[in-house]
Structures are given as C-alpha cells and as structure tokens.
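Spelled out, the chains give:
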There are 2 protein chains.
Amino acid sequence: MKAAETVDSNMNGQLTLDRVRIVLSRTSHPGNIGATARAMKTMGLSRLWLVAPASFPDPVADARASGAGDVLAGAQVVATLEEALAGTVFVAALSARRRELSLPRLQPRDAVSELVAWSEKGDVALVFGNEASGLTNAELGLCSRPVTIPTSPDYSSLNLAAAVQVLCYELRLAALGSPGRGAESAVLPQGSHVPAPATHDEVEGFYAHLETAIIASGFLDPENPRRLLPRMRRLFGRARLEKEEVAILRGILASFIDNK
Amino acid sequence: MKAAETVDSNMNGQLTLDRVRIVLSRTSHPGNIGATARAMKTMGLSRLWLVAPASFPDPVADARASGAGDVLAGAQVVATLEEALAGTVFVAALSARRRELSLPRLQPRDAVSELVAWSEKGDVALVFGNEASGLTNAELGLCSRPVTIPTSPDYSSLNLAAAVQVLCYELRLAALGSPGRGAESAVLPQGSHVPAPATHDEVEGFYAHLETAIIASGFLDPENPRRLLPRMRRLFGRARLEKEEVAILRGILASFIDNK
C-alpha cells in the first residue's frame with residue numbers, strides 16, 4: 001500500500017496548492033510578473049492574481065515566464081486587492097518593512113503551515129506588494145498575517161520574483177510533505193536503477209585481496225601492520241561498496257600484482 | 001546573558017556564511033549573474049566565483065544586481081571549475097537532471113546542514129551549472145554531493161538566480177538558526193577528535209595518481225576508458241576522504257608502481 005499512499009499524499013498536496021492564490025499588487029516591472037509565473041509553476045502553483053499591474057500583458061513578462069506562459073494566460077487581472085481576496089479564508093502578506101501597527105511576523109516556514117492548514121477550509125492567498133513601496137497600510141489591513149523573509153541586516157532588498165520563489169518553495173514542501181532528513185524524498189524522482197550493494201562476503205573478499213596485494217608490494221609489513229587495514233575498512237565501510245565497485249577494485253589489484 | 005549569546009550566534013553564523021563560495025559555471029546570461037549577486041547579498045553571502053561566464057562584467061549584470069554591486073565587483077572569474085574549488089573541503093552541486101551514476105540526492109535543507117557542518121573545517125562551495133545544460137558529468141564528478149530542489153513533475157525549470165535564492169535562504173536559516181523552529185541538526189560526527197578532511201586538491205591529486213597507476217598497470221586503456229574513473233570518483237566521493245586516507249591510498253599506489 002506504500003505506492004498508493006504516496007499517490008494520495010501527492011494528490012492531496014496538489015489540491016492544497018490549487019487553493020493558493022499568488023497575488024501581486026501594483027507590480028511595476030512586467031519582467032517580475034513573468035518571473036513570478038515561472039517560479040509558481042516550478043512549485044506546482046497556477047493561480048496568479050494581478051492587482052492593477054503597470055503593464056500586462058507585456059512581451060517582457062512573456063519572455064521571463066519561459067515555459068510558464070499558461071500561468072500568465074490564466075492570470076486574473078483586477079483593480080483592487082479586495083477583489084483579488086474575495087472568497088478567501090486566510091491571507092498572508094509579504095512585508096519587509098516595519099509598521100507602526102505590527103502584528104506578530106511569521107517566518108515563511110510558519111506562514112505556509114498556516115496557509116496549508118487553512119486551505120482545508122477554502123481558498124487562501126499570499127500577497128506581494130509593489131517592488132519599491134511594498135504594501136500600503138490599507139492593503140496590509142486586509143491581510144490576516146504579515147510574513148517576513150529573514151534577510152541580512154545590511155541588505156534586505158529581495159527581488160519580487162525571488163521572494164515569490166522562496167514562499168512557493170516552502171509551500172510545496174509544506175503541502176507535499178518535507179521528506180525526512182537523511183532519507184530519500186518522496187518528492188524527488190526515484191531512479192529505476194538502484195545499484196546492487198556488495199554482499200558481506202564480497203566485501204571481505206576485497207579486503208583479503210587488498211591485504212595480499214599490499215603485502216606483496218611491500219607496503220604492508222605483516223610484522224608491523226600498524227593500523228593500515230582497519231583504516232581501509234573504515235574508509236570503504238563508510239562508502240558502502242556496491243557489487244560492481246568491488247569487481248573494479250579487485251580488477252585494479254589484480255592488474256598490479258599479476259603484472260609484476 | 002541572552003543578548004550576548006544571540007550576538008555570538010549571529011557572529012558565528014556570519015562566519016559560516018563567509019566560508020561559502022557560490023560558484024556559477026559557464027553562465028550564459030549576465031542578468032542571472034547580477035540576480036545571483038543580489039540573491040546572495042540579501043542572505044548575507046558575498047563570495048561569488050564565476051567559471052568561464054559568457055559575458056562578465058556586463059551592464060545587464062550590474063542592473064540586475066541592484067544594490068549588490070559590491071558582490072559583483074568582488075567576484076572571482078576563473079577558467080575552470082577546478083580553480084573555483086581549489087582549497088574547499090566540501091562541494092555541493094545543484095543538479096536537476098538524472099544521471100546514470102546516481103548518488104543519493106540531497107534536499108536543499110539537508111544539503112545546507114552539511115555545508116554548515118563542513119564549513120567548520122574550511123571553505124565550502126555550492127555549484128550551479130549552465131542555464132540550459134546544467135553541469136557536465138565531469139563537473140559533477142568534482143563535487144561531493146548533488147542537490148535537487150523539489151519541483152513540480154510537470155515543470156522543473158527553475159531560473160538560475162531563483163535556485164540560488166532558495167539555497168542561500170536555506171543557508172542563512174541553517175547558519176543563523178531558524179527562529180521558532182528546533183535547532184538545525186548537525187550532520188558531522190561530534191567528538192573531541194574529528195579527522196581532518198582531505199582538501200579538494202588532495203583528493204584530485206589522488207585521482208590523478210590512481211589514473212596514472214592503472215594506466216601503467218594496463219587496467220585502464222586510455223583509448224577505451226569506459227566509465228572506470230567516474231565510478232571511482234563516485235565511490236570515493238561517497239566516502240569523503242580524510243587527509244590521512246589519501247596519504248595511505250597514494251602510498252599503496254606508489255608501492256605498486258615503484259616496485260614494478
């Protein structure tokens with residue numbers, strides 16, 4: 001049932017992403033709209049809303065969208081942020097600047113957790129303001145939660161589409177599950193060909209061959225072995241040898257000894 | 001003492017970020033170089049290396065760098081990836097494509113944990129390939145670990161600078177700690193004595209020695225190398241060689257060849 005569970009989890013994750021609106025308010029540069037569409041599509045998001053863009057559609061946006069022209073083509077263009085947020089149940093807004101009325105600021109990772117949780121109830125939105133001026137206080141007042149991407153205190157000027165990329169990346173991880181640390185992920189393509197590991201006997205056969213070879217070459221003195229072989233065991237043990245690798249290593253050893 | 005601890009933690013975090021080289025190999029579009037500089041600076045990174053860029057310096061790069069012109073001005077331009085990696089102790093490489101010789105692929109979050117842990121030993125690098133073709137197999141062979149940003153199966157074409165932004169964002173969180181989340185886990189074995197890792201140059205010296213030796217022994221036919229050396233790179237790359245291990249391995253090779 002493992003495969004079926006993974007499929008279900010991916011389907012649910014995609015349903016979550018389908019409920020997220022990415023809203024750009026009063027964007028000045030059409031290139032940023034195109035780059036936003038591309039950033040969204042790489043992470044499986046498709047619902048772009050544009051509030052009073054300075055120029056849209058625009059060939060610069062098309063060029064920067066690369067293969068994400070379908071996201072641009074499906075964009076909803078509206079006059080006010082209220083329209084873009086109609087029907088949503090939760091709204092997070094990216095905000096770099098300090099405000100006099102400061103709500104608790106969320107980190108991206110925590111913000112996407114909230115977005116994913118609320119998406120079970122209906123549409124949610126993530127709002128990004130103008131490149132230079134950000135969101136107005138009135139716009140921010142329409143949003144449930146401000147989100148701030150942690151930046152260097154010396155320079156906090158993220159490009160708009162780069163900020164979208166970071167948030168959409170976190171959204172994808174949150175929606176589809178962040179694969180366990182160290183383990184191969186469910187999100188990544190699995191190779192159909194996984195190399196066969198060497199058996200215990202094959203690995204021991206290699207160590208014996210190595211010992212014989214380096215005694216023959218004079219590198220290992222059996223009367224004074226120091227810790228050479230344990231160190232080699234430690235090295236190759238870390239690598240966890242594959243069957244074919246043992247064959248190559250033994251071929252190399254044989255080529256040295258047989259040719260002497 | 002809380003404030004002092006926070007200052008220390010931030011200072012240490014910045015020291016970590018100062019040890020990270022961001023390496024762009026054979027970048028086609030100068031705009032992506034500028035956008036990379038901006039992405040780096042927002043996250044407190046400053047060490048940019050450019051391997052054979054198609055055009056640099058370039059006014060398009062300057063424009064896209066916005067306030068990060070200092071990162072561009074300090075960029076090191078070199079002819080080969082080997083030069084950019086000289087002296088590093090750990091190299092992660094962004095790789096979207098499948099490879100016949102597949103190492104375990106790291107998620108960004110796990111990759112930055114490793115980078116941060118290794119930075120205690122020396123410089124580390126994060127390598128990004130050409131926009132269209134990515135990294136060559138030869139380039140990937142120079143890197144310890146491939147990293148893949150999880151993307152939609154329908155469209156995986158992240159913009160280069162957007163990929164840099166995601167990795168630098170994760171690096172900053174890992175180096176300075178993610179507020180509100182548990183501490184990032186260290187990947188390296190903790191202990192009073194941690195063996196010194198071999199530098200990039202030492203490891204490359206071993207590979208060159210190995211190649212010479214197995215050509216001399218007749219095991220490797222330079223006219224028909226098959227995939228012997230890439231396979232050996234993959235094996236020893238997994239193990240991440242220590243300084244003393246390289247010395248032993250080269251001693252073994254010398255004992256075979258010198259005694260012939």
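Cut-offs used in this document
- Residues numbered from 1 in each chain as written.
- Chains lettered and ligands numbered in written order.
- Predicted model: local features only at pLDDT ≥ 70, side-chain atom pairs only at ≥ 80, totals over all residues.
- Helix = DSSP H or I, 4+ residues; strand = E, 2+ residues; numbered from the N terminus.
- Buried ≥ 20, exposed ≤ 12 C-beta atoms within 10 Å, placed from the backbone.
- Contact = placed C-beta atoms within 7 Å.
- Pairing = 2+ DSSP bridges.
- Axes fitted to C-alpha atoms, helices over the stretch in contact; angles between N-to-C directions.
- pLDDT = per-residue confidence, 0-100.
- Nonpolar A, V, L, I, M, F, W, Y, C, P; charged D, E, K, R; others polar.
- Core = buried A, V, L, I, M, F, W, Y, C linked by C-beta atoms within 7 Å.
- Right-handed = clockwise from strand over helix to strand, strands pointing away.

### Considering the overall build of chain A
Consideration 1: When helices and strands are counted, chain A shows eleven helices and six strands.
Consideration 2: By residue count, 42% of the 260 residues in chain A fall in the buried class.
Consideration 3: Contacts in chain A between residues far apart in sequence, at least 24 positions, make up 82% of those at least 6 positions apart.

### Observations regarding the sheet that holds strand 3 (residues 76-78) of chain B
All names here are of chain B.
Consideration 1: Here we have six strands laid out as an open sheet, ordered 3-2-1-5-4-6, and parallel in their pairing. The open sheet is flanked by strand 3 and strand 6 (145-147), the only strands paired with a single partner. On average, each strand axis in the sheet is inclined to that of its neighbour by 25°, with strand direction left out of account.
Consideration 2: Taken strand by strand, helix 8 (residues 160-176) contacts strand 1 (20-25), strand 4 (90-94) and strand 5 (124-128), and its axis lies near 155° from that of strand 5.

### Focus: the confidence of the model for chain A
All names here are of chain A.
Consideration 1: Summary statistics for chain A give a mean pLDDT of 86 and a share of 86% for residues scoring 70 or more.
Consideration 2: Low pLDDT, under 50, characterises residues 1-5; the stretch is placed with zero contacts to residues that sit more than four places away or in other chains.
Consideration 3: In the model output, the complex is listed with pTM 0.76 alongside ipTM 0.75.

### A closer look at the environment of A:Ala132
All names here are of chain A.
Consideration 1: Assignment of secondary structure puts Ala 132 in the loop between strand 5 (123-128) and helix 7 (137-141).
Consideration 2: Residue classification places Ala 132 among the exposed positions, given that 10 C-beta atoms sit within 10 Å.
Consideration 3: In this structure the C-alpha to C-alpha distance between Ala 132 and Ala 163, which are 31 residues apart in sequence, comes to 14 Å.

### Describing the interface of chain B and chain A
Consideration 1: At the interface, 55 residues of chain B touch 55 residues of chain A.
Consideration 2: Of all the secondary-structure elements, those providing two or more residues to the side of chain B that touches chain A are helix 2 (30-42), helix 8, helix 10 (228-239) and helix 11 (243-258) of chain B.
Consideration 3: Per-element accounting of the side of chain B that touches chain A gives the leading share, seven residues, to helix 8 of chain B.
Consideration 4: Looking at the side of chain B that touches chain A residue by residue, the classes come out as 23 nonpolar, 21 polar and eleven charged.

### Brief notes about the nonpolar core
Consideration 1: With 123 residues, the main nonpolar core has A:Leu115, A:Leu171, B:Met40, B:Leu115 and B:Leu171 as its most contacted residues.
Consideration 2: In contact with B:Leu115, not counting residues within four places along its chain, are B:Val20, B:Phe90, B:Ala92, B:Val124, B:Leu126 and B:Leu171.
Consideration 3: Counting 29 residues, the second largest nonpolar core, distinct from the first, contains A:Ala213, A:Ile252, B:Ala213 and B:Leu241.

### Structural notes on the sheet that holds strand 2 (residues 47-51) of chain A
The strands making up a sheet associate through backbone hydrogen bonding, with each pair oriented either parallel or antiparallel.
All names here are of chain A.
Consideration 1: Pairing is parallel in the open sheet, where six strands are placed in the order 3-2-1-5-4-6. What marks the edges here is a single partner per strand, and that holds for strand 3 (76-78) and strand 6 (145-147). Taken pair by pair, the neighbouring strands of this sheet meet at an average axis angle of 25°, ignoring direction.
Consideration 2: Alignment of strand 4 (residues 88-94) against strand 6, held across three bridges, turns out to be parallel. Residue pairing across strands places Ala 93 opposite Pro 146, the latter belonging to strand 6.
Consideration 3: Across the face of the sheet, helix 6 (residues 108-118) comes into contact with strand 1 (20-25), strand 4, strand 5 and strand 6 while running at roughly 165° to strand 4.
Consideration 4: In the packing of helix 8 (residues 160-176) onto the sheet, contacts are made with strand 1, strand 4 and strand 5, and the angle to strand 5 comes to roughly 150°.

### Section: the pairing of strand 4 of chain B
Residues and elements named next belong to chain B.
Consideration 1: The element strand 4 is largely enclosed, with a buried count of five among its five residues.
Consideration 2: Alternating residues of strand 4 divide into Phe 90, Ala 92 and Leu 94 and Val 91 and Ala 93, and every residue in both groups is buried.
Consideration 3: In the sheet, strand 4 pairs with strand 5 via four bridges, with the strands oriented parallel. Opposite Ala 93, over in strand 5, you have Val 127 as the bridge partner.
Consideration 4: Bridge analysis of strand 4 against strand 6 gives three bridges, and the strand direction is parallel. Directly across from Leu 94, in strand 6, lies its bridge partner Val 147.

### Here's the deal with the pairing of strand 1 of chain A
The side chains of a regular strand alternate between both faces of the sheet.
All names here are of chain A.
Consideration 1: Of all six residues making up strand 1, six are buried, and the element is well covered by its neighbours.
Consideration 2: What you see with strand 1 is no split at all: Val 20, Ile 22 and Leu 24 on one side and Arg 21, Val 23 and Ser 25 on the other are buried throughout.
Consideration 3: Here strand 1 runs beside strand 5; their pairing, made up of five bridges, is parallel. Note on strand 5: the bridge partner recorded for Ile 22 is Leu 126.
Consideration 4: In the sheet, strand 1 pairs with strand 2 via five bridges, with the strands oriented parallel. From the neighbouring strand, Val 23 faces strand 2, where its bridge partner is Trp 49.
Consideration 5: For the crossover from strand 1 across helix 2 (residues 30-42) to strand 2, the handedness is right-handed.

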